[in-house]
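A structural walkthrough
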Amino acid sequence: MKRALVVGAGVIGTWHALELCRAGYAVQHLEAELAPTGASVRNFGLVWVSGRRSGEELDVALRARRRWEEIAAVVPGIGFRANGSLTVAQTDGERKVMEEFAQHPDADERSIAFLEPEQIRARNPAIAGADITAGLYCTLDATVEPRLVPSALRSHLLAQGSYDFHPGTRIVEAGDQTLIDTTGKRWEADLVIVATGAAYDELPGTEAIAAQLRRVRLQMLETEPFAGILTTSVADADSLRYYPAYGVVPLDALGAQNEIAAVHHLQLLLVQRAHGGLTIGDTHAYEEPFDFALVEEPTTELLGRVRRILGTEAPPIARRWAGVYSQCTDGSVCARGEIRPGVFMVTGPGGRGMTCSPAIAADTLRLIGVTQ
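Notes on the structure in this doc start here. (Residues numbered from 1 in each chain as written. Predicted model: local features only at pLDDT ≥ 70, side-chain atom pairs only at ≥ 80, totals over all residues. Heavy atoms only, no water.)

1. Side note on the pairing of strand β18 (residues 335-340)
Where β18 and strand β19 (residues 343-347) come together, five bridges link them in antiparallel fashion. Bridge pairing in β19 links Ala335 to Thr347. Linking two consecutive strands that pair antiparallel, namely β18 and β19, is a turn of two residues; a positive phi of about 80 degrees is found at Gly342 within it. (Pairing = 2+ DSSP bridges. Helix = DSSP H or I, 4+ residues; strand = E, 2+ residues; numbered from the N terminus.)

So this is what it looks like as structure tokens:
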């Protein structure tokens, strides 16, 4: 049986481990921390097809969406829900942009339909704000539980055999089909995948890949359980500025972002967790060094947007956090490269990581000749 090493137990690394086991490899899975603590467990858990750019990015997202649903039938612990999404308009200008996009062929590719306010409330009664003017409904968008996904997939792999997990194993050097950890132990295999997320420049030989990437810092929060039920995920119209799918129509009618949103590159995304709490975000900071502190101004702005959309105050905040992910600067779905013979790094999906990781892993194996 061929042997593989996977470094990084976030969602990208874990999906590579899963697909390698599926391809018949015995997999040793290494993680520097005792459990993943990066962007993979600090995100919304959105499988977000609606905003993906036409072409390769959308193709990857659609294939990944199918794979998420397939694995959910085997690993229900990931919390997969095919709940769809509603992106809501609150001004006539936002309505105009959404109406125009819904008439574009790209909307059909993503199963997106234009809804009137009464249709939105029928689809998601929790959206009770008085200022809703229209919305876009995507049936393909889905949700998983980000804090549960890596461990649920690992438990599934452990039960299958030919897989071992080694937390607290930090790699400091890579050789030909070889890794060396901080204790000096050598790990050897027929194939090595390094998926260390935002820590993409910590190994020698990663300079070429690092030149394609940047880090992005996000700020998010989660509330106590909400009294109602969000039958869909929710976004506001600022997401039309952020996601590339909507660039096929003029966005001028959206008007200018307010100052807080513009400074913090802010959009509202709103997801109800399995325990009832609401995950609310997010902001984007692109210039390092990042501030170590959580900033209150965007939190106040986001909570105000939730109130206007739901028509009620959000529950008390239970926790707040920041996260950092790696992103390709040229818009590519991810960055891949062979940093030493037989050692491949995969990183840089940006905000697409949770959505696209199953297809990213499958494509890695295909591109390096493991599968057809």
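2. Focus: the packing of aromatic side chains
Evaluated as defined, the whole model comprises four aromatic pairs. With centroids separated by 6.1 Å and ring planes inclined at 35 degrees, the aromatic side chains of Trp48 and Tyr243 adopt a geometry described as tilted. Within this pair, whereas Trp48 is found in the loop between β3 (46-47) and α2 (56-74), its partner Tyr243 is found in the loop between α8 (239-242) and α9 (259-264), the two being separated by 195 residues in sequence. Here Tyr243 falls in the buried class, since its relative accessible area comes to 9%. Between Phe101 and Tyr246 the ring centres are 4.8 Å apart and the planes differ by 65 degrees, which places this aromatic pair in the edge-to-face class. Separated by 145 residues along the polypeptide, Phe101 in helix α3 (residues 92-102) and Tyr246 in the loop between α8 and α9 bring together distant segments of the chain. When sorted by exposure, Phe101 lands in the same class as Tyr246, which is buried. The ring of Trp321 has Arg147 lying over it, and the distance from NZ or CZ to the ring centre is 5.0 Å. Over the face of the ring belonging to Phe165 we find Arg154, whose NZ or CZ atom lies 4.3 Å from the ring centre. (Phe/Tyr/Trp six-rings, centres within 6.5 Å; stacked < 30°, edge-to-face > 60°. Buried < 20%, exposed > 50% of the residue type's maximum accessible area, 1.4 Å probe, protein only. Lys NZ or Arg CZ within 6 Å of the ring centre and 35° of its normal.)

3. Looking at the pattern of salt bridges
With the rule as written, the count across this model stands at 27 salt bridges. Arg67 is the partner of Glu19 in a salt bridge, and the nearest nitrogen-oxygen pair spans 3.0 Å. Taken as a pair, Glu19 in helix α1 (residues 11-22) and Arg67 in helix α2 lie far apart in primary sequence, 48 residues in all. You can call Glu19 buried: its relative accessible area is 6%. With a relative accessible area of 13%, Arg67 lands in the buried category. With a shortest N-O distance of 3.1 Å, Glu57 and Arg53 are connected by a salt bridge. Classification of Glu57 as buried rests on a relative accessible area of 4%. (Salt bridge = Lys/Arg side-chain N within 4 Å of Asp/Glu carboxyl O.)

4. Looking at unusual backbone geometry
Note that the residue after Gly281, namely Asp282, is joined by a cis bond; omega there is 0 degrees. Take Asp282: it is sitting in the loop between β16 (277-281) and α10 (296-310). Here Glu288 and Pro289 are connected by a cis peptide whose omega angle stands at 0 degrees. By the secondary structure assignment, Pro289 is in the loop between β16 and α10. Phi angles above zero are rare outside glycine, and Ser111 is one such case at about 55 degrees.

5. Thoughts on the nonpolar core
In this structure, Leu20, Val27, Trp68 and Ile78 are the most contacted members of the largest nonpolar core, which totals 43 residues. Residues within four places of Ile78 in sequence aside, it is in contact with Trp68, Ile71, Ala72, Val144, Glu145, Val149, Ala152 and Leu153. With 25 residues, the next largest nonpolar core counts Leu46, Trp48, Val97 and Val249 among its residues. (Core = buried A, V, L, I, M, F, W, Y, C linked by side-chain atoms within 4.5 Å. Contact = heavy atoms within 4.5 Å.)

6. A short note on α10
Taking 1.5 Å per residue, 15 residues should reach 21 Å; α10 reaches 21 Å between its end C-alpha atoms and fits that length. Buried within α10 we find Pro298, Thr299, Glu301, Leu302, Gly304, Arg305, Val306, Ile309 and Leu310. Residue Gly311 follows α10 closely and has a positive phi angle near 75 degrees. (Expected span 1.5 Å × (residues − 1).)

7. Some thoughts on the sheet that holds strand β10 (residues 178-181)
With antiparallel pairing, three strands are arranged side by side in an open sheet as β9-β10-β11. The strands lining the two open edges of the sheet, one partner per strand, are β9 (171-175) and β11 (186-188). Between one strand axis and the next, the sheet turns by 25 degrees as a mean value, whatever way the strands run. In terms of strand pairing, β10 meets β11 through three bridges, oriented antiparallel. Looking at the pairing, Ile180 lines up with Arg186 of β11. (Axes fitted to C-alpha atoms, helices over the stretch in contact; angles between N-to-C directions.)

8. With respect to the packing of α2 against helix α11 (residues 353-367)
Relative to each other, α2 and α11 sit at 95 degrees, their axes nearing to 7 Å. Judged on the interaxial angle alone, α11 and α2 are roughly perpendicular. Taking contact as the criterion, the partners of Val60, Ala61, Arg63, Ala64, Arg67 and Trp68 in α2 are, on α11, Met354, Thr355, Cys356, Ser357, Pro358, Ala359, Ile360 and Asp363. Tallied by class, the residues present in the contact of α2 with α11 amount to nine nonpolar, two polar and three charged. (Parallel < 35°, antiparallel > 145°, perpendicular 65-115°, else oblique. Nonpolar A, V, L, I, M, F, W, Y, C, P; charged D, E, K, R; others polar.)

9. As for the environment of Gly255
Relative to the assigned elements, Gly255 resides in the loop between α8 and α9. The exposure class of Gly255 is partly exposed, given its relative accessible area of 35%. Between the C-alpha atom of Gly255 and that of Ile229, which follows or precedes it by 26 residues, the distance is 31 Å.

10. Describing the environment of Ala318
Here Ala318 is to be found in strand β17 (residues 317-328). Assessed through its relative accessible area of 41%, Ala318 is described here as partly exposed. Along the sequence, Ala318 and Leu148 sit 170 residues apart, while their C-alpha atoms lie 18 Å from each other. Residues within four places of Ala318 in sequence aside, it is in contact with Glu222, Thr223 and Glu224.

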